[in-house]
Structure formats: structure tokens, C-alpha cells
Amino acid sequence: MLVRLLYASRAVDTSPAAIEAILTQSRQHNPGSGITGVLCYGGGVFLQAIEGGRSAVSELYGHIQKDSRHKDVVLLHYEEIAERRFGGWTMGQVNLSKINHSILLKYSEKPELDPYSVSGKVSFALLEELMATASIIGRA
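Residues numbered from 1 in each chain as written. Predicted model: local features only at pLDDT ≥ 70, side-chain atom pairs only at ≥ 80, totals over all residues. Heavy atoms only, no water.

As annotated in an unreviewed UniProt entry, the chain is BLUF domain-containing protein from Acidovorax delafieldii.

Trainee: I keep staring at the pattern of salt bridges and nothing clicks. Help me out?
Mentor: Close approach of charged atoms lets side chains of opposite charge pair. Following the criterion strictly, the structure yields 8 salt bridges and no others. Note that Lys 106 and Glu 129 form a salt bridge whose closest N and O atoms lie 2.8 Å from each other. With a gap of 23 residues between them, Lys 106 in helix H3 (residues 101-107) and Glu 129 in helix H4 (residues 120-132) connect regions that are remote in the sequence. By relative accessible area, which is 55% here, Lys 106 ends up exposed. Judged by relative accessible area, Glu 129 falls into the buried class, the value being 17%. Salt bridges linked by common partners bring Arg 4, Glu 51 and Glu 79 together as one network. (Salt bridge = Lys/Arg side-chain N within 4 Å of Asp/Glu carboxyl O. Helix = DSSP H or I, 4+ residues; strand = E, 2+ residues; numbered from the N terminus. Buried < 20%, exposed > 50% of the residue type's maximum accessible area, 1.4 Å probe, protein only.)

Trainee: Can you help me understand helix H1 (residues 16-33) in this one?
Mentor: Every α-helical turn comprises 3.6 residues, leaving residues that sit three or four positions apart pointing alike. Helix length check: H1, at 18 residues, gives a terminal C-alpha distance of 26 Å against a target of 26 Å (1.5 Å per residue), a fit within 8%. The sharpest bend along H1 measures roughly 25° and falls at Arg 27, with the proline Pro 31 sitting one to four residues further on. Within the span of H1, buried status applies to Ala 18, Ile 19, Ile 22, Leu 23, Ser 26, Arg 27 and Asn 30. Positioned one or two residues after H1, Gly 34 has a phi angle of 75°, which is positive. (Expected span 1.5 Å × (residues − 1). Bend = angle between axes of the 7 residues up to and from the residue.)

Trainee: Where do I start with unusual backbone geometry in this structure?
Mentor: Trans peptide bonds make up the majority, and among non-glycine residues the majority have a negative phi. For Asp 72, which is not glycine, the phi torsion reads 55° and is therefore positive. By secondary structure assignment, the location of Asp 72 is in strand E4 (residues 70-81).

Trainee: Looking at this structure, I do not really get the packing of aromatic side chains. What am I missing?
Mentor: Ring pairs (aromatic) are described by centroid distance and by the angle formed between their planes. For the structure shown, the criterion picks out 2 aromatic pairs. Between Tyr 7 and Tyr 61 the ring centres are 5.9 Å apart and the planes differ by 55°, which places this aromatic pair in the tilted class. Of this pair, Tyr 7 sits in strand E1 (residues 2-11) while Tyr 61 sits in helix H2 (residues 54-66), and the two are 54 residues apart along the sequence. When sorted by exposure, Tyr 7 lands in the same class as Tyr 61, which is buried. Between Phe 86 and Phe 124 the ring centres are 6.0 Å apart and the planes differ by 80°, which places this aromatic pair in the edge-to-face class. Here the residue Phe 86 occupies a position in the loop between E4 and strand E5 (92-95), and Phe 124 occupies one in helix H4, the gap between them amounting to 38 residues. According to the relative accessible area criterion, Phe 124 is buried, its value standing at 15%. The lysine or arginine in question, Arg 10, covers the ring of Tyr 116, its NZ or CZ lying 4.1 Å from the ring centre. (Phe/Tyr/Trp six-rings, centres within 6.5 Å; stacked < 30°, edge-to-face > 60°. Lys NZ or Arg CZ within 6 Å of the ring centre and 35° of its normal.)

Have a look at this one:
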């Protein structure tokens, strides 16, 4: 049973080193758990989609909720899926400060990442667009 979970959180430490540490840990842990996904960050906000088996995704989300590097963790969307959408990345990444802000403006009131003020479906549509425009980078 594959599932996709989308959540938002605020970074406690927004330094590039802290972001890289989160990505490195994800890329080390996720392959063994069958987890794939993408992490968007900008303005101190994370938007992350994780995909994999139901138990593995639930366990990872529980860990994220307790992780001291995140605060204001909010579940945006959860669904059973027939296939992965972000299967090409153990954890892809998007630094929103490096993309065309018109993409963000397409999905929100202002050209900034604010998944707290839009629906989970809108946040997922943003991720789909970032994938379509080759804005997601990372190692498989």
C-alpha cells in the first residue's frame, strides 16, 4: 500500500548547513525505508511530500513531528496512491529563492511559500509545477 503525505513546518534553524543536514539525513535514511519525496524550503518554511509504504510514511511523519529542527508541523494532505509521483528522488529539493516567483504567485496571494494559507491540493499542484519546470534537484 503506497501513500503520499504532504506537510508544512517552520524551520528552527534556516542556515544552509541546517537545511543540508536535513537533506543528508533524509537521503541516508529514506532508501532503506522505501521513502521518496521532495522538500521545498523558502522564507523559513518547509513544504515536504513523502511517499512510500503506509507504515514507513506514518513512522517518518511521527519522527518529523518530534524533530527539534521543525516547529508548527501541520499535515496538509494524505492519500493512498497507485504510483509514486516523486519516485526519482530519495529526497529532492527546491530552494524557492532560486525559482521564478511567478510560479509561487500562481498558487498563492503573494510570491512566497505559505502552505499554511492554501489547501493541500494547491500545495501539491505547486510541487507538480516545480517538477514540470525542472526546479527539483537532488540525488536519486
